[in-house]
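Spelled out, the chains give:
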Amino acid sequence: MSSRLFAAGIGAPEGPVCLPDGSMYVTEMSASTLCVTRLDPRGNRRVIQTTGGRPNGLTTDGHGRIWIAEAGLRALICLDERGNEIRRMQGEGADRFLFPNDLCFGPNGLLYMTDSGMAAEDFINGQAFVDAYMDLDWDGRVYEIDPAAMKVLRVLDRKIRFTNGIAFGPDNHLYANASFTGEIYRYDTMCSVKPRRNESSSATSFNLIQIRISKGRTEWPSARTVGFIARSTTRRTSRCWTSGVRSPIA
């Protein structure tokens, strides 16, 4: 697979969404940007909205609205194409959002979102994790949300150690991953009973996480302040795609 440089100078890009005209939405997570950006077909950058929190995952719906998993604000935010906020939810009670991470729409029209399971201030110190972060009480979750009512319908799973990416596969099953363990979980969201976690694969067998061991401790690759977007010149087919080295707080 070949690729070419599409855009540069993007502040810690995340959540790319390709649009029919060849442009792309991304979030920028660096402290100096914290925004949703549109890159035109030539890669030129235009800020759609500055959220001021830590915009992470991103998706769009059939009406062109932009949905953001805002980790810093602990919220799910919906924008129109001009960048105006039209909806926001934060969860309630025991289901109050902690660190919204990534999201996708399902074939049933519902929205599915991962929550990494801890508020940022409880495990991040500046740009680094606090000491002994692996031993903290992580409550990573997978939410099923009605986007029209802005209501959590079900918490499909919880107590995951840093839930991260999420997507539906060609089999119409929902897939989500745990960054700390490298596992990918599969859920049958169309069944009549609450889906059960099905471990699809692990980092050991598929090398989904690349980590370095130094002096007896795990070192994660740190996030870069300025990133770039590469565009593939070959067409993706119906497969599961995973990234290699990735910031654990992305």
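Keep in mind that this is a model prediction, so the values were computed, not measured.

S.K.: It is not clear to me how the sheet that holds strand 4 (residues 35–39) should be interpreted in this structure. Could you clarify?
M.R.: Hydrogen bonding along the main chain pairs the strands of a sheet, whether they run parallel or antiparallel. Pairing is antiparallel in the open sheet, where four strands are placed in the order 2-3-4-5. Each having just a single partner strand, strand 2 (13–18) and strand 5 (45–50) make up the two edges of the open sheet. Neighbouring strand axes in the sheet, compared pairwise and without regard to direction, differ in orientation by 25 degrees on average. Of the pairings in the sheet, the one linking strand 2 to strand 3 (residues 24–28) comprises four bridges and is antiparallel in character. Pairing of Glu-14 across the sheet is with Thr-27, part of strand 3.

S.K.: For this particular structure, what's the right way to read the confidence of the model for the protein?
M.R.: On average, residues of the protein carry a pLDDT of 81, and 76% of them reach 70 or more. pLDDT under 50 marks residues 201–225. Its contacts with residues more than four places away, or in other chains, come to 52 contacts. In this model residues 233–248 is a low-confidence stretch, pLDDT under 50, and it forms 27 contacts with partners more than four residues away in sequence or in other chains.

S.K.: Where do I start with the packing of aromatic side chains in this structure?
M.R.: In this description, a pair of aromatic rings is defined by centroid distance and the angle of the planes. Taken as a whole and assessed by the stated rule, the structure comprises 14 aromatic pairs. Relative to Phe-180, the ring of Trp-138 has its centre 5.1 Å away and its plane inclined at 80 degrees; by these criteria the two rings are edge-to-face. Taken together, the positions of Trp-138 in the loop between strand 13 (128–129) and strand 14 (140–146) and Phe-180 in the loop between strand 17 (174–178) and strand 18 (184–187) put the pair 42 residues apart, joining distant regions of the chain. By relative accessible area, Phe-180 is classed as buried at 9%. Cluster of aromatic residues (ring-pair linked, three or more members): Phe-99, Phe-123, Phe-129, Tyr-133, Trp-138, Phe-162 and Phe-180.

S.K.: How do you make sense of the pairing of strand 10 (residues 100–105) when you look at a structure like this?
M.R.: Successive side chains on a regular strand alternate, one facing one side of the sheet and the next facing the other. Most of strand 10 is tucked away, with five of its six residues classed as buried. Pairing geometry for strand 10 and strand 11 (residues 111–115), over five bridges, is antiparallel. Its bridge partner being in strand 11, Cys-104 is matched across the sheet by Tyr-112. The hairpin formed by strand 10 and strand 11 contains five residues between the paired strands, and Gly-109 there has a positive phi angle of roughly 85 degrees.

S.K.: So what exactly am I meant to see when it comes to the pairing of strand 16 (residues 163–168) here?
M.R.: Within strand 16, five of the six residues are buried, which leaves it mostly tucked inside the rest of the structure. In this structure, strand 16 lies alongside strand 17, joined through four bridges in antiparallel fashion. Opposite Ala-167, over in strand 17, you have Tyr-175 as the bridge partner. Hairpin geometry of strand 16 and strand 17 is characterised by an intervening segment of five residues between the two adjacent antiparallel strands and by a positive phi of about 65 degrees at Asn-172.

S.K.: Could you clarify how one ought to interpret the pattern of salt bridges in this entry?
M.R.: Pairing between side chains becomes possible if they bear opposite charge and their charged atoms approach one another. All chains considered together, the criterion is met by nine salt bridges. One salt bridge connects Arg-154 with Glu-144, and the closest N-O pair in it is separated by 2.8 Å. In this pair, Arg-154 sits in strand 15 (residues 151–160) while Glu-144 sits in strand 14, placing the two residues ten residues apart along the sequence. You can call Arg-154 partly exposed: its relative accessible area is 22%. A relative accessible area of 5% places Glu-144 in the buried class. If you follow the salt bridges from partner to partner, you end up with Asp-95, Asp-139, Arg-141 and Arg-158 in one network.

Rules used in this analysis
Residues numbered from 1 in each chain as written. Predicted model: local features only at pLDDT ≥ 70, side-chain atom pairs only at ≥ 80, totals over all residues. Heavy atoms only, no water. Pairing = 2+ DSSP bridges. Helix = DSSP H or I, 4+ residues; strand = E, 2+ residues; numbered from the N terminus. Axes fitted to C-alpha atoms, helices over the stretch in contact; angles between N-to-C directions. pLDDT = per-residue confidence, 0-100. Contact = heavy atoms within 4.5 Å. Phe/Tyr/Trp six-rings, centres within 6.5 Å; stacked < 30°, edge-to-face > 60°. Buried < 20%, exposed > 50% of the residue type's maximum accessible area, 1.4 Å probe, protein only. Salt bridge = Lys/Arg side-chain N within 4 Å of Asp/Glu carboxyl O.

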